[in-house]
Amino acid sequence: MLTISVKNFGPIAEGSVDLKPLTIFVGPSNTGKSYMATAVYAVMRAARSVGNEAAFDGRVVSIAFRVTPYGIANDNSDDTKAVVRGLQNFADKEAINQDLLVSDLPESVVSWLRDETGERLRIVQQHTLDQLLLLYREPSKFAKYGSQANRTLLSVSRHTPRLHLDIGLPQTVNPTPEFDISKVSAPVQAIEFLRRVPLIRESDVLPPGTKMLLVDPIVLRVLDGVPTNSYYLPASRSGIIRVERPLTSAIIRQSSLAESQRMGLPVSLGVTSEFLADFVGLSQVNRLTDSNADLDKAIKFLESKVLHGEIDLDESAGLPRPDVNYETAAGKFTLDQTSSMVSELAPLILFLKYLVRPGDLLILEEPESHLHPAAQRQLARGIVRLVNAGVKVLITTHSDLFVSQVNNLMRISFASSRWIRENGFEPQDCLKHDDVAAYLFRWDNEQGGSVVDELEIRRDIGIDDAMFGEVINEIYEESLLVQRIRPKWEQTNS
């Protein structure tokens, strides 16, 4: 489990979150929920870029090659050759099994792996900062400058295997990463591969990708819990897709930095631009063919129970980019002919159909927007089904109805299969308490910003959010108070 911590980050004075299969942020507006979600997004994209070149987009690739020669398929340095020879000798003499730890390898190999892992983790630090600058355009949008004690700090940590990365602003050099690879499982498949290759001599050329074959599995295990891909659906998504074509055209026309500044267009729209890029790119993505039955069922549930129709891309009109259509028994409609609820959920459905797979992270801001309370309840069930299908989900929400439905789905996980079936639920509606983390963002005058409190996940009630309860109690007490008011005509007649 990775812990993301921030200090003096946007409106957040201090806070930490542990990421679980379902992570929920609640709290008043302007307390930093979106800032923390963006920090998580930046860290995950940066961490996944190391050891997975396919995860790079064009901008990050240029950053990667500027920072480090990582990405060169063949490292034929004498040091690397010596390590490969040591591993080949080790593989010839020792039994290889799935329980092999890094600490079991020759000390020269362990030292080399430690150095290489440290270098990759330093790249993660730099990439995280690069991602934040990409999303916010300039440090002043998220960083506070002042004394060393008050500077902005973002940290990534884990207890086992031990990992701690600090990304601070302002800074000139990233602090040295702290990590332990001694108890990490060694890449057995890499050692077995090398055992089948003729013994390396001084003049031999290493097989392509040798360095990555040896190091990348170690790095990814140190960063265990990092999703394969991350997608961010901002709260403004419904408005974005309604004006997507003219907005995209305007950005393309004014793409140069000087022209963007002259026309008053932002150079970067943050997570909005990331979302827009993913959304526009859907038309170039082939519909995912590696079907996952549980994920498909979750999508169909959302369409049938929440939308009461199907969302998909329609290329029949012969347009440069396909339209997004909503199809029901009454016919087929474009999004500008539908309700705000449909346009709100359309990006979610399309991302699930074309991009998101089990193991990915989906960050979804305010999923309850424009939804009737009954639809919010069904949406919560759909989100839980996504989690049970293997998609990691991070939610920011203001809806007590949404949270209450999640609580109910946690409670039914203790019910018998017969009870679940007889009361209209299915096994994929059950949510394990250990799979949920919830955090309250609240303003703290003493801290001069918001703080993040972890909410207890109780076995009897689920997420224990006192703030929602306080508001409900206030409404109830106010209702009792206003019930005592006598209309003027009653007062006159008396």
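What counts and how
Think of each chain on its own: its residues are numbered from 1, step by step along the sequence as written. Note on the predicted model: pLDDT of at least 70 is required for a residue's local features to be given, and 80 or more for side-chain atom pairs to be given and counted; whole-chain, interface and lining totals, by contrast, use all residues. Each side-chain value is derived from all of the structure's non-hydrogen atoms; neither hydrogens nor water enter the calculation. Paired strands, in this sense, are two strands between which DSSP finds at least two bridges. Counting from the N terminus, the helices are the DSSP runs of H or I reaching at least four residues and the strands are the DSSP runs of E reaching at least two. For every residue, the accessible area obtained with a 1.4 Å probe (protein chains only) is divided by the maximum for its type, and the residue is called buried under 20%, exposed over 50%, and partly exposed between those limits. Side-chain rings of Phe, Tyr and Trp, where Trp is taken by its six-membered ring, are said to pair if the distance between their centres is within 6.5 Å; with planes under 30 degrees apart they count as stacked, over 60 as edge-to-face, and otherwise as tilted. Only when the NZ of Lys or the CZ of Arg is both within 6 Å of the ring centre and within 35 degrees of the ring normal is a charge said to sit over the ring. What pLDDT expresses is the predictor's confidence in each residue, scored from 0 to 100. Only heavy atoms enter the contact rule, under which two residues are in contact if any of them lie within 4.5 Å. Polar contact is the term for a pair of N or O atoms within 3.5 Å; when the atoms are in protein, one must be able to donate a hydrogen and the other to accept it, and sequence-neighboring residues count only if both atoms are side-chain atoms. Here the expected span of a helix is defined as 1.5 Å times the quantity of residues minus one. Bending is quantified residue by residue as the angle between axes fitted to the seven-residue window ending at that residue and the seven-residue window starting at it. The axes used here are C-alpha line fits, helices contributing only the stretch in contact, and every angle between their N-to-C directions lies in the interval 0 to 180 degrees. Each angle receives one of four descriptions, namely roughly parallel if under 35 degrees, roughly antiparallel if over 145, roughly perpendicular if within 65 to 115, and oblique otherwise. Throughout this entry, Asp, Glu, Lys and Arg are counted as charged residues, while Ala, Val, Leu, Ile, Met, Phe, Trp, Tyr, Cys and Pro are counted as nonpolar. The remaining residues, Gly among them, count as polar.

Right, let's talk about the pairing of strand E9 (residues 323–328) for a bit. As defined by bridge partners, strand E8 (residues 310–314) adjoins E9 across five bridges and the pair is classed as antiparallel. Among the inter-strand pairings, Asp-314 is bridged to a residue of E9, identified as Asp-323. Two elements, E9 and strand E10 (residues 331–334), share four bridges in a ladder whose sense is antiparallel. Along E10, the bridge assignment pairs Tyr-326 with Phe-333. Here E9 folds back onto E10, and the loop between the two strands holds two residues.

It is worth spelling out the sheet that holds strand E14 (residues 449–455) at this point. Across the sheet, eleven strands lie side by side as E6-E5-E4-E1-E2-E14-E13-E3-E12-E11-E7; this open sheet has mixed pairing. Both edges of this open sheet fall to strand E6 (178–179) and strand E7 (230–233), since each of them pairs with a single strand only. With six bridges connecting them, strand E1 (residues 3–9) and strand E2 (residues 12–18) associate as antiparallel partners. Of the residues in E2, the one forming a bridge with Thr-3 is Asp-18.

Turning our eyes to something else, we now look at the pairing of strand E3 (residues 22–26). Summarising burial for E3: five of the five residues are buried, a large majority. On E3, burial covers both faces: Leu-22, Ile-24 and Val-26 on one face and Thr-23 and Phe-25 on the other are all buried. For E3 and strand E13 (residues 436–444), the ladder comprises five bridges, and the chain directions are parallel. In the strand pairing of E13, Thr-23 is matched with Ala-437.

With that out of the way, let us pick up the packing of aromatic side chains. Enumeration over the complete set of coordinates arrives at twelve aromatic pairs. Seen in terms of ring centroids, Tyr-41 and Tyr-232 are 5.5 Å apart; in terms of plane orientation they differ by 80°. Their pairing is edge-to-face. Taken together, the residues span a long stretch of sequence, with Tyr-41 in helix H1 (residues 33–49) and Tyr-232 in strand E7 at a distance of 191 residues. Residue classification places Tyr-232 among the buried residues on the basis of a relative accessible area of 1%. Between Tyr-231 and Phe-351, the aromatic rings sit 6.0 Å apart at their centres with planes inclined by 85°, giving edge-to-face as the arrangement. Here the residue Tyr-231 occupies a position in strand E7, and Phe-351 occupies one in helix H12 (residues 340–354), the gap between them amounting to 120 residues. Among the aromatic residues, ring-to-ring pairing joins Phe-9, Tyr-35, Tyr-136 and Phe-142 into one connected group. Looking at Arg-385, its charged tip hangs above the ring of Phe-301, at a distance of 4.2 Å from the centre.

Another aspect to go through is the confidence of the model for the chain. In this model, the chain carries a mean pLDDT of 78, and residues with pLDDT of at least 70 account for 69%. Note on residues 53–74: pLDDT is under 50 here. Beyond four places in sequence and across chains, it has 40 contacts. Confidence drops under pLDDT 50 across residues 252–268; counting only partners more than four residues distant or on other chains, this segment forms 14 contacts.

Inspection of the secondary structure assignment puts Tyr-326 in strand E9. Residue classification places Tyr-326 among the buried residues on the basis of a relative accessible area of 12%. For Tyr-326 and Val-342, which are 16 residues apart along the polypeptide, the C-alpha to C-alpha distance reads 7.8 Å. The contact partners of Tyr-326, leaving out residues within four places of it in the chain, are Leu-307, His-308, Gly-309, Glu-310, Ile-311, Gly-331, Lys-332, Phe-333, Thr-338 and Val-342. One polar contact links the side chain of Tyr-326 to the main-chain carbonyl oxygen of Leu-307, over a distance of 2.6 Å.

Along an α-helix, residues three or four positions apart point the same way, because every turn accommodates 3.6 residues. The first and last C-alpha atoms of H12 sit 22 Å apart over 15 residues, in line with the 21 Å expected at 1.5 Å per residue. At Ala-346, H12 is deflected by roughly 30°, the largest bend along its length, and proline Pro-347 occurs up to four residues later in sequence. The buried count for H12 comes to 14 of 15 residues, which makes it a mostly enclosed element.

Mapped onto the elements of the fold, Gln-125 is located in helix H4 (residues 107–136). In this structure Gln-125 comes out as buried when scored by relative accessible area, which is 0%. Within polar-contact distance, the side chain of Gln-125 engages the backbone oxygen of Asp-166 at 3.1 Å. Polar contacts involving the side chain of Gln-125 include one to the main-chain carbonyl oxygen of Pro-175, which spans 2.9 Å.

Time to look at the packing of helix H11 (residues 293–307) against helix H13 (residues 373–388). For the pair H11 and H13, the least separation of the axes is 9 Å and the interaxial angle reads 175°. Taken together, the axes of H11 and H13 lie roughly antiparallel to each other. Taking contact as the criterion, the partners of Leu-295, Ala-298, Phe-301, Leu-302, Lys-305 and Val-306 in H11 are, on H13, Ala-375, Gln-378, Leu-379, Arg-381, Gly-382, Arg-385 and Leu-386. For the contact of H11 with H13, the class distribution of residues is eight nonpolar, two polar and three charged.

Now for helix H14 (residues 400–411). With twelve residues, H14 extends 16 Å between its outermost C-alpha atoms, agreeing within 8% with the 16 Å of an ideal straight helix rising 1.5 Å per residue. Looking at H14, one finds that the buried residues are Phe-402, Val-403, Gln-405, Val-406, Asn-407, Leu-409 and Met-410. The opening residue of H14, the one whose side-chain oxygen lies 3.3 Å from the backbone nitrogen of Leu-401, is Ser-399.

Another aspect to go through is the sheet that holds E9. With antiparallel pairing, the three strands of this open sheet are ordered in space as E8-E9-E10. On the outer flanks of this sheet lie E8 and E10, each paired with one strand and no other. Between one strand and the next, the sheet's axes are offset by a mean angle of 35°, whatever the strand orientation. With respect to the sheet, H12 is in contact with E8 and E9, its orientation differing from that of E8 by roughly 70°.

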